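# Residue-level structural notes
This is what each chain is made of:
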Amino acid sequence: MRTHRWTLWLLLILFFIALPQVTYVTEAKQQTEVADQEQELQVDRTLLSLTEEREVKVSFSIPDHLELDDFVWAFGGKPLEDWKSWDGESRDFSGDSFITFTKEPTIDRKTNDVHATLHFSLPFGTDDLSPRTIRVRYPELMGEYDLAVTHPSSGFSLSQSMSLKVYDEFLTYEEIKPAIDEVLQDAPEDRYLEYQSLGKSVEGRDLHFVVLAKDEEAVHRYLNETLPTALEQPERLLETLEDGTLEDYQVPIWFNNIHPDEVEGIDAQMEVFRTLALEDQVTFHTEDEDGHRKEVTFDVEDALNHVIFLFHFTHNPDGRVANTRENANGFDLNRDNAYQTQPETIQVNEHIGKWTPLSFIDLHGYVEGFLIEPATPPHNPNFEYDLLVDSMIGQAHAMGRAGIGSSTLDSYFIPLLDWENGWDDMSPAYTAMFAMLHGAIAHTVEVPTLSQDSYRAMVGLSYGAIDYVLTNKDALFQHQLELFARGVRGEDHRSVDEWFVNQEGDVIGRQRGAHDSFFPEYYVLPIGAAQKNELEAKRMVEYFLRNGIQVEQTTSPVAVNGVTYEQGTYVIPMAQAKRGFVNAMLYSGADLSDWTAMYDSVVVNFPALRGFDVVEVRQKDAFKGEAEPVQEVEWTSLAVHGKNSYYVVANSNNEAIQLVNQLLKAGKPVYVAAKSHRTVQEGDFIVRSRDLQAPLKNTHVDATPLHNKSSVHVKRLSQPKVAVVGSAQTRYVIEQLGFPIVSTDEADVIVDDLGNFNRKEASGKMYVGIGGRSLQAIEEANVLKGFATGSTALNHEGLLEAVMENSRYTAGYEKEEALYVTTGSWIAELPDKATILATVADRDDFLISGWWPEHEKARGQVIAASIEMNETDYVLFANDLTFRAHPQHSYRLLANSLFAAKESCTAPLLRMRPFEVTQSDTKGEKQLGGCSTKPKKLKPLVPVSD
């Protein structure tokens, strides 16, 4: 009995000792079950879209002891009800949740299986995210998210990674290169694929570019045989094309995207590239001329026998990252193709010139309707339009029909055929128009919505463009060769005239004036004393060489029409294939003021806006045998002689401004001539020779030794601090010139070209107002009694002749200059104490070129003035100084104004002594801005110490 009792006690003791371990094993088993099931949330799709509603079927199993009602559903760590939809009125995410249950969670207790259906509706209430208020916000929703189902008290949790994109195929910039690499890795060995980076963006990102061809030999043959022959001997190729002996040749099709927030242009390219690189056939749907849907298939290997495919995925990588139209400097690159101020356009356009594609497709969005160029008139007269237009219309129809066949879009339109004006191709600033100057049939394509459907339309239209080239290759190439032949022959063919019309539709043709040809025989860029800005002239030569234009340089002095051009003069022979490109950049332009609408600015005119001399020569063979081709520009460095204490740096180009700012930043003394005296002109800079030694190694300025120093009256400069309350382009220009940019509180000068005038901020400073918006802001603020502006419209533009008045602000300019207005404005009235700086020439023909209806109202009006009132200096320009960084000849008007804000008093150079800036007046000696006005006995020149 006792033994049995002890046995029971022993069993009880053992049971209680083992119980925690049993509980632990059970909990461990449950945790193991939980762990085993963490990756077992089953969904029927993991890809979600902001532009297509999606339902997601979800299933999972739960342990017996857990209740379904205790589970919490979350997406990206947030409860489903917290995913608010967009409220258009408040412009924020404050609407109802866009994630709901179509089928509430249910459980089968026999199996413990749970089933539910989630509905992801359109967060913005629309499948079109193109409206600007939405387009800047939708990236906030994109990303990788975990769909999670959690039992909080037990810790039981299941999840599945989901991807939320604007549409299924969307790639971030960081995903583009891996996607390219994947295709390169998987592509068949018998296809030639080459990745290149065309260069770097402002922020250092690669410009991704891929060549897809039959083989490497096809690429080599095109670039080194076919294309050089086409440009130099086009008639030879025309003969072989016509007699059928030109058989095995390929032509390039270039696909492009320049506005990365018009997102389909990148992703559609990737789809087309992937298909052409990996598949044997391409099948797409299109419509015939009667609107009947049909299927088209082409063989990829056969296509590669005829075409080299070029994919430039995005012209603006930084914009893809930031979801902006502009690059990191704030520039719309689709307005920079002609100007080429930004690194992206400089690098890309060099390759457009290198490849000279037959077909160029620039993929854009968004307009109302499905738009495919060619454009409305007025057309740029430098196009051989009659050789381009039929092919462009044909390809546009092929693209439009394929875009419709591949999507739910039901129509497209061609501006040339459907609009009167307002979508013109006068300016070569747009990428497609720029490509047309290289002989391409080129199109800007605008899909109507930012959506999955527009993506499908863009893929389809790309295949339609390819199929059109494959079907019509010989005829298209023949037209391109004829275009080149006109240039080589120097032929101004009259068949082009019918395409150049006025607003009334009357044919006006190319405007030849008294000449037989619209084109000169040569453009001459003088050097030396005959050139007012050799720096910009040489930069223009570099521009042409970079863009594939032939430039020559004289090997000895050449006399033409009574003018002798010295050895080394640059000459551009116009008997070359791309003479239209040259003329588009150098000719004066046209007065288009009779048109009722223009899409954007049209003035290019590099000589006027960059400020160098160019001469038209119309004497045939004037330089034949007298000049040799140029491969690169030779720059000469200025030798500074130590025996000369001071040098005069002429205020004649923008590098002089950069040099002065470089010296001022380093604490070196710099003076500015207050009066003209012999070889020193008012506004020239005077610096110590020893301070020039290092900077001049890489600086191209006009500098000469200073003599008769005691007769030169100067002001000492201090570097002004500048606040920019205007555009990104103005900020960019000021930074390029080397001025420090600060806040308005710290500034000596405030610069504004948008009309952001603030009376309090400007008080006690200098305010530099640029353009009509800033002038109107001054007028509306009523800070200048008697001040009034005039304007036709703020989108009117013109290059005009102006008369410059002698002043510190206009130093370095001639009596008559061409000034550029982009806001159709002038100064109508001025206060009594105002100083006029420039006026519009008082003659009928003051407008050189542009689109400025009613511009005659500006005749003889003031265009720039300075006013001192209420402790604020106002320097006001109706003309634009910084527009898209193109009017670089006007930069020095801005720089002169900025320097004037920090100039000292005037004195002979020998009397200048370094003083600390103070407003005190001690012992009769007024110290201001670093010089003394108290008479001093002249002493031999001693270089001012640091």
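Note: the structure precedes this text.
Structural notes, computed from the coordinates. (Residues numbered from 1 in each chain as written. Predicted model: local features only at pLDDT ≥ 70, side-chain atom pairs only at ≥ 80, totals over all residues. Heavy atoms only, no water.)

### Remarks on the nonpolar core
Selection criterion: To define a nonpolar core, start from buried Ala, Val, Leu, Ile, Met, Phe, Trp, Tyr and Cys residues and group those joined through side-chain atoms within 4.5 Å. When accessible area is computed with a 1.4 Å probe and restricted to protein chains, residues below 20% of their type maximum are described as buried, those above 50% as exposed, and intermediate ones as partly exposed. Working definition: helices are DSSP H or I runs of at least four residues, strands are E runs of at least two. Numbering for both runs from the N terminus. Residue contacts are counted whenever heavy atoms from the two residues lie within 4.5 Å of one another.
Counting 184 residues, the largest nonpolar core has Phe-75, Phe-273, Leu-276, Phe-309, Trp-355, Phe-544 and Met-585 as its most contacted members. Sort the elements by how many residues they give to this core and helix H13 (residues 452-489) lands first, with 16 residues. Excluding residues that lie within four positions of it along the chain, Leu-276 makes contacts with Arg-191, Leu-212, Val-282, Phe-298, Val-300, Phe-309, Phe-311 and Ile-466. One finds Val-687, Leu-784, Ile-867 and Ala-885 within the second-largest nonpolar core, a separate group that totals 81 residues.

### Points about unusual backbone geometry
Tyr-366 follows Gly-365 through a cis peptide bond whose omega is 10°. When you line up the elements, Tyr-366 lands in the loop between strand E18 (359-365) and strand E19 (371-372). Along the chain, Pro-377 connects to Pro-378 via a cis peptide bond; the corresponding omega equals 0°. Of note, Pro-378 is situated in strand E20 (residues 376-379). Here the phi dihedral of Glu-871 falls at roughly 65°; this positive angle occurs in a residue that is not glycine. Note that Glu-871 resides in the loop between strand E44 (862-869) and strand E45 (872-877).

### Considering the packing of aromatic side chains
Rule in force here: Pairs were defined over the aromatic rings of Phe, Tyr and Trp, the Trp ring being its six-membered one, requiring ring centres within 6.5 Å. Orientation was assigned from the angle between planes: stacked under 30 degrees, edge-to-face over 60, tilted for the rest.
Scanning the entire structure with this criterion turns up 46 aromatic pairs. Centre to centre, the rings of Tyr-167 and Phe-170 are 6.2 Å apart; their planes meet at 80°, and the pair counts as edge-to-face. A single burial state applies to Tyr-167 and to Phe-170, both of which are buried. Geometrically, the ring pair formed by Tyr-820 and Phe-883 is edge-to-face, given 5.9 Å between the ring centres and 70° between the ring planes. With Tyr-820 in strand E40 (residues 816-821) and Phe-883 in the loop between E45 and helix H22 (891-900), this residue pair connects regions lying 63 residues apart in the sequence. An identical accessibility class is assigned to Tyr-820 and Phe-883; each is buried. Feature note: the residues Phe-60, Phe-71, Trp-73, Phe-101 and Phe-156 constitute an aromatic cluster, connected by ring pairs.

### Points about the environment of Pro-152
Along the polypeptide, Pro-152 turns up in the loop between strand E10 (143-151) and strand E11 (156-165). Among the residues examined, Pro-152 registers a relative accessible area of 54% and is labelled exposed. For the pair formed by Pro-152 and Phe-71, sequence separation is 81 residues and the distance between their alpha carbons is 7.2 Å. Setting aside residues up to four positions removed in sequence, Pro-152 forms contacts with Asp-70 and Val-72.

### Focus on the side chain of Asn-654
This is how the line gets drawn: Whenever a nitrogen or oxygen atom comes within 3.5 Å of another N or O atom, the pair is scored as a polar contact, on the condition that within protein one atom can donate a hydrogen and the other can accept it, and that pairs from neighbouring residues in sequence are kept only if both atoms are in side chains.
Following the sequence through the fold, Asn-654 ends up in helix H17 (residues 654-665). Within the structure, the side chain of Asn-654 is placed 3.0 Å from the backbone oxygen of Gln-888, a separation counted as a polar contact.

### Regarding the pattern of salt bridges
Keep this limit in mind: Salt bridges are identified by distance alone: a Lys or Arg side-chain nitrogen within 4 Å of an Asp or Glu carboxyl oxygen.
Under the definition given, this model contains 46 salt bridges. In this structure, Arg-221 engages Asp-248 in a salt bridge whose closest nitrogen and oxygen atoms are separated by 3.5 Å. Taken together, the residues span a long stretch of sequence, with Arg-221 in helix H4 (residues 216-232) and Asp-248 in the loop between helix H5 (234-242) and strand E14 (251-256) at a distance of 27 residues. Taking the relative accessible area as the measure of exposure, Arg-221 reaches 15% and is therefore buried. Looking at Asp-248, the relative accessible area reads 43%, which means it is partly exposed. A salt bridge links Asp-492 to Arg-494; the shortest N-O distance between them is 3.5 Å. Residue classification places Asp-492 among the buried residues on the basis of a relative accessible area of 10%.

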